[in-house]
Every structure is written in C-alpha cells, then in structure tokens.
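A look at the structure
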Amino acid sequence: MTTYSSSQTEMRIQLAQRFYNVFTLLFYDLIVYGLSSAFIWKVPTKFLIQFYNKNLTNTHLEVGVGTGFLLDESTFLSDKPHIVLMDMNTTCLKKTAQRIRRYAPYSIEYNILAPTQLTGEFDSIAINYVFHCVPGSFKEKGVAFLRLKKLMKPSGVLFGCTLLTHGVQRNWASRLLMKRYNKMGIFNNEQDSLVELEAVLRAVYHYVQIIPKGSAAVFRASDMPLNGSI
C-alpha cells in the first residue's frame, strides 16, 4: 500500500487542483454530469439530484464545490437557506458562489486534510465526488470525516458519493478512464475500497448507510438514526 509524506501529499493535492481552472470549469458540467457520471461511472445525474433533495437542509455546508451544479439543480425547503461553500480552490468557490448567488452563500478556502479551528453547526454536509481526488488511503484521508463532524449538529447528516477502485462494479470504460485520471494526478483513488470507506465512516459516526452505485459508493452518516434509505 502506498503512503505519502506530508510534502508528497501536498504536492499531489496541488497537482489535482490545477486541473480545476477557469477554462476547464467551462466544460465541467458537461464532462462530469453530462457524460462521465451517467455513462461511465453509472451514477445517473438524476439520482444525485434526488439524493441531494433527500438530504439537503436549510443550514448546509458544501465541501468540494465543483461548479455548484448539484446545489443549483436541487431544491431547498426555504428560499433563504444558510449555505457555506468550502474548497481549497478559489476558482471553484467563485464559480459556485456566482452560480447560486440567489442564496447569498458564504465561502471558505480550506483543505479538508489540514488542522482547523473552524466551528459551525450544520444540519447537512455534502462531500460529493471529492474523496477520489484526495491523496492517500481512507485510513489517511478519512481524518476529514472527524473534522467535518465537528461542524455538524448532533442530529446533522453527512452525505456524499465517491468513486472507488475496489468493491464496486467497474466496466472497461471506467477502468480505463480511472487509470488515466490517476496517472494524470486528477484522481488519487487507486487504493480506495468500499470496505475501507465503510470502516472509517463507522469509526466516526454511530449510524451509517452505504451502497455501491456503479463505480461509486453513495453514503450517509450521522450520530442520530437516519430516516429512510439512500
């Protein structure tokens, strides 16, 4: 199993982040949600929007914001939700903040693997299509779950989706593209497995729901019993 020093981890994080720039974000929605998610990873975009709608609250933290597509397409219970955007990429933060400006979101530049003094009381936290970009095994990057838990209300729910290499069904296209993205440094999920993801979630939260979906794992976690199913 590959392990990274702190300097190597930081280098790989910066390498992954450089692909999310003003130019590539112009095509992000088409590539990620229009093509890859639906036809290669086999996680339909409609499913992700429905998943968001089931779990979003009016006090929400979005971690790893991309372009804000899912927040824009989803429905909040109130027309004035309190939304905080968290990402280490300022370009993504600006793009998303502009896209959902009707909600007047607040942005925080932050690396989820770094120690933090941040505080908050969110009813929902989403971390969607993020962990497969983060270097290290889940035993290493799973520290993010602990840090995010500190920002949740006791009854809050964390939910998300991440692409895995082990424990899910990958077709030839997903295997090929995932291998290519790992080589380019966009992905860092060659070690990621369903078993390890579930283990780190259960080490942090009392209640966990997790299912394989195509090449991904979809999960919910909370310290209170979860209503319904994924």
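Preceding this section is the structure that the text describes.
Residues numbered from 1 in each chain as written. Predicted model: local features only at pLDDT ≥ 70, side-chain atom pairs only at ≥ 80, totals over all residues. Heavy atoms only, no water.

1. Quick word on the packing of aromatic side chains
Summed over all chains, the structure comprises 14 aromatic pairs. Here the aromatic rings of Tyr28 and Tyr33 are separated by 6.2 Å at their centres, their planes lie at 70°, and the arrangement is edge-to-face. Between Phe131 and Phe138, the ring centres sit 5.8 Å apart and the planes meet at 55°, which makes this aromatic pair tilted. Neither residue differs from the other here; Phe131 and Phe138 are each classed as buried. Put simply, the rings of Tyr20, Tyr28, Tyr33, Phe69 and Tyr129 touch in pairs and so form one group of aromatic residues. Lying across the ring of Phe47, Lys213 places its NZ or CZ 4.5 Å from the centre. (Phe/Tyr/Trp six-rings, centres within 6.5 Å; stacked < 30°, edge-to-face > 60°. Buried < 20%, exposed > 50% of the residue type's maximum accessible area, 1.4 Å probe, protein only. Lys NZ or Arg CZ within 6 Å of the ring centre and 35° of its normal.)

2. Considerations on the pairing of strand E5 (residues 152–163)
Burial runs high along E5: 9 of the 12 residues are buried. Pairing between strand E4 (residues 122–128) and E5: 6 bridges, direction parallel. If you follow Ser124 over to E5, its bridge partner there is Val157. (Helix = DSSP H or I, 4+ residues; strand = E, 2+ residues; numbered from the N terminus. Pairing = 2+ DSSP bridges.)

Shape is all these values report; function is a separate question.
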